[in-house]
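Structural overview
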Amino acid sequence: MDLYKRELSNGGGQEPFDALLMFKAILLGQWHSLSDAALEQALCVRINFLHFCGLSLSDAIPEETTLCWFRNRLVINDRLDGLLASINEQIQSHGLMVKGMTGAVIDATLIESAARSFKKKI
């Protein structure tokens, strides 16, 4: 993963994201079946995702293209499958298992509305 940081730093521009942070984000995307765009959005709104990646509310969030590029570099360097297998082994050694996650976060805000009387029609 040092290759990732080394390549980005030579091009100037924004300081590269930490490789561990990026890998943790890739794990979240994998576990929650998120596209890179959906993962970027989740990192913007889900505090538990930020906490898992070691980010605070004021930190910069990796964009979807950065996430895609990082994953592709892991695949090209034949590292992604081995890293995922290693993480699974570590989790299983504690008697745990990660299942694919699905679901939605819903904002249920109660608002005041005009009162109506409900009359039963005969």
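Remember, it's a predicted structure, so these values are computed and weren't measured experimentally.

Looking only at helices and strands, one finds 6 helices and 0 strands in the protein chain. By residue count, 25% of the 122 residues in the protein chain fall in the buried class. By sequence separation, contacts in the protein chain at least 24 residues apart represent 59% of the contacts at least 6 residues apart. Summed over all atoms, the accessible surface of the protein chain reaches about 9,300 Å², with 54% contributed by carbon and sulfur.

Confidence in the prediction of the protein chain, expressed as mean pLDDT, is 83, and 70% of residues score 70 or more. Put simply, helix 1 (residues 2-10) is where the protein chain has its lowest mean pLDDT, 51, and helix 4 (residues 47-53) is where it has its highest, 96.

Moving on, we come to the environment of leucine 27. Tracing the sequence through the fold places leucine 27 in helix 2 (residues 19-31). Taking the C-alpha atoms as reference points, leucine 27 and cysteine 53, 26 residues apart in sequence, are found 9.7 Å from one another. Aside from chain neighbours lying at most four places away, what touches leucine 27 is Leu84 and Ile87.

What follows concerns the packing of helix 2 against helix 6 (residues 80-92). Relative orientation of the contacting elements helix 2 and helix 6 amounts to 75°, with a least axis distance of 12 Å. Considered as vectors, helix 2 and helix 6 are oriented roughly perpendicular to each other. Contact residues: Phe23, Ile26, Leu27, Gln30 and Trp31 in helix 2; Leu80, Leu83, Leu84, Ile87 and Ile91 in helix 6. By residue class, the composition of the contact of helix 2 with helix 6 is 9 nonpolar, 1 polar and no charged.

Time to look at the nonpolar core. Formed by 24 residues in total, the largest nonpolar core has its most connected members in Phe23, Leu39, Cys53 and Phe70. Those elements that provide at least two residues to this core are helix 2, helix 3 (36-45), helix 4, helix 5 (64-76) and helix 6. Broken down by element, the residue count for this core peaks at 9 residues, all from helix 2.

What counts and how
- Residues numbered from 1 in each chain as written.
- Predicted model: local features only at pLDDT ≥ 70, side-chain atom pairs only at ≥ 80, totals over all residues.
- Heavy atoms only, no water.
- Helix = DSSP H or I, 4+ residues; strand = E, 2+ residues; numbered from the N terminus.
- Buried < 20%, exposed > 50% of the residue type's maximum accessible area, 1.4 Å probe, protein only.
- Contact = heavy atoms within 4.5 Å.
- Areas by Shrake-Rupley, 256 points an atom, 1.4 Å probe, with all protein chains shown as cover.
- pLDDT = per-residue confidence, 0-100.
- Axes fitted to C-alpha atoms, helices over the stretch in contact; angles between N-to-C directions.
- Parallel < 35°, antiparallel > 145°, perpendicular 65-115°, else oblique.
- Nonpolar A, V, L, I, M, F, W, Y, C, P; charged D, E, K, R; others polar.
- Core = buried A, V, L, I, M, F, W, Y, C linked by side-chain atoms within 4.5 Å.

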